[in-house]
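Tertiary structure, described
What follows is each chain in one-letter form.
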Amino acid sequence: MTEYVDRSEPEAVAPASAAVTPADAADAARLVAFGLQPRLQPARDQEYADLLRRYREDPPFARLADAVATGLGLIVLEVSPRAGMAVTAAEDSVFAVRMGDYARRTSADSGDRFLHGLAHLAVAAMAFPRPEDLADDGYIGRVSVNGVDAFVRQACRRLEERAEDQGENTDPATDAPGLEAAWRIWVRRSAAGATKDARRLAGSTTGIVGKAVAFLTESGFLQRTGDDNGGTYRTTARYQLQVRDMAASAAMAELLELGIVPVTDGTPTLLPPEESDDLQLAAGAGLPFHS
């Protein structure tokens, strides 16, 4: 016997969503491509500005652009007129920059990669020394090459004093991994040095900081503002977003909690350190890199 089925009531049908066209996909990919050009400012490119406006006003398009970014291993930090489409690379992204690659690009000795990581960490901490600085979209941090080097050296002295007080070994093996060795090596490295034509030695600590700020400037995170104190720089909205995204890292938190808080005009003047619990810099602090 065939069972009777009453079809007098129509079945519920889900509303059809607007189909994504190839043109939509191309526009979404184009927006992500703009985001991968950190020095490009939306105010100076009409197509970029138009796509940003569409992202904010058209939710389906925004979801499509987010999906394109995700598929490329990118994390969308913010989409706004001030920062453009600010993206950062996930650890497994083809766009991720790793400290080993960075060291090779800067012609640095592989043994110095931790010093380069420490330099990037110090620039971030000096640019945004307080949580409220990171939270304030209008805040502009200022750093200088000599200021960052002075900041790191004071942190090194503070950490070395604590190590001596606790009877720890302050003479690490030359191949010891991690930033625990880097801070000890930093303080023993020449601050400047010079070649015959008065250029900074690449392996000096100010040379290492100079490489870091040059890379950050090339990447659209800093803008050079002058030549004082080895070179002065101001932060961009993209750098604030980058540091905000990585501010929870143990290494940056520990560096800030040392109580060695620099002034924010980029000079090498530092405030006296305050007493706090013993801390050491943690490994994996190569902002904005992946280990």
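For clarity, every value in this text was computed on a predicted model and none was experimentally measured.

What counts as what
Residues numbered from 1 in each chain as written. Predicted model: local features only at pLDDT ≥ 70, side-chain atom pairs only at ≥ 80, totals over all residues. Heavy atoms only, no water. Patch = residues over 30% accessible without salt bridge, like charges linked within 9 Å, V, L, I, M, F, W, Y side chains within 5 Å. Areas by Shrake-Rupley, 256 points an atom, 1.4 Å probe, with all protein chains shown as cover. Salt bridge = Lys/Arg side-chain N within 4 Å of Asp/Glu carboxyl O. Buried < 20%, exposed > 50% of the residue type's maximum accessible area, 1.4 Å probe, protein only. Helix = DSSP H or I, 4+ residues; strand = E, 2+ residues; numbered from the N terminus. pLDDT = per-residue confidence, 0-100. Contact = heavy atoms within 4.5 Å. Expected span 1.5 Å × (residues − 1). Axes fitted to C-alpha atoms, helices over the stretch in contact; angles between N-to-C directions. Parallel < 35°, antiparallel > 145°, perpendicular 65-115°, else oblique. Left-handed = near helix turned anticlockwise from the far one by under 90°. Nonpolar A, V, L, I, M, F, W, Y, C, P; charged D, E, K, R; others polar. Core = buried A, V, L, I, M, F, W, Y, C linked by side-chain atoms within 4.5 Å.

**Side note on a nonpolar patch on the surface**
Nonpolar side chains collect at one region of the surface, where Leu36, Leu72, Val94 and Phe95 lie side by side and expose about 360 Å² of accessible area between them. For leucine 36, a relative accessible area of 34% gives the class partly exposed.

**What to know about the pattern of salt bridges**
Under the defined criterion, the tally for this structure stands at 12 salt bridges. Across the pair arginine 82 and glutamate 78 runs a salt bridge whose closest N-O atoms are separated by 3.1 Å. For glutamate 78, a relative accessible area of 17% corresponds to the buried category. In this structure, the salt-bridge partner of arginine 82 is aspartate 137, at a minimum N-O distance of 3.3 Å. Here aspartate 137 lies in the loop between helix H6 (131-135) and strand S3 (142-144) and arginine 82 lies in the loop between strand S1 (74-80) and strand S2 (84-89), a separation of 55 residues in the sequence. With a relative accessible area of 32%, arginine 82 lands in the partly exposed category. Several salt bridges converge on common partners, so that one network encompasses Asp24, Asp27, Arg54 and Asp58.

**A look at the confidence of the model for the protein**
Mean pLDDT for the protein: 74, with 64% of residues reaching 70 or above. Segment residues 1-5: pLDDT under 50, and 0 contacts once partners within four positions in sequence are set aside and those in other chains are kept. Predicted confidence is poor over residues 172-179, with pLDDT under 50, and the contacts of this stretch with residues over four places away or in other chains come to 12 contacts.

**Observations concerning helix H9 (residues 205-218)**
The terminal C-alpha atoms of H9, which comprises 14 residues, lie 20 Å apart, in line with the 20 Å expected from a rise of 1.5 Å per residue. Of all the 14 residues making up H9, 11 are buried; the element is thus mostly covered by neighbouring parts of the structure. Of all the residues in H9, the buried ones are Thr205, Thr206, Gly207, Ile208, Val209, Gly210, Ala212, Val213, Phe215, Leu216 and Thr217. Directly after H9, the chain includes glycine 220, whose backbone phi takes a positive value near 80°.

**What to know about the packing of helix H1 (residues 22-35) against helix H2 (residues 46-57)**
Two packed helices can be described by the angle between their axes and the distance between those axes. Look at H1 against H2: their axes get within 10 Å of each other, and the N-to-C directions meet at 115°. One element, H1, and the other, H2, form an angle in the roughly perpendicular class. For the element pair H1 and H2, the recorded crossing hand is left-handed. Facing Asp24, Asp27, Arg30, Leu31, Phe34 and Gly35 of H1, the residues of H2 in contact are Glu47, Tyr48, Leu51, Leu52, Arg54 and Tyr55. Broken down by class, the residue content of the contact of H1 with H2 amounts to 6 nonpolar, 1 polar and 5 charged.

**Focus: the nonpolar core**
Judged by nonpolar contacts, the single largest core of 31 residues is most densely connected at Val123, Val148, Trp186 and Tyr239. Elements with a contribution of two residues or more to this core: helix H5 (113-127), helix H7 (145-165), H9 and helix H10 (237-246). Ranked by the residues each element gives to this core, the list is headed by H5, at 10 residues. Of all hydrophobic cores here, the second largest spans 19 residues; its members include Phe34, Tyr48, Tyr55 and Leu74.

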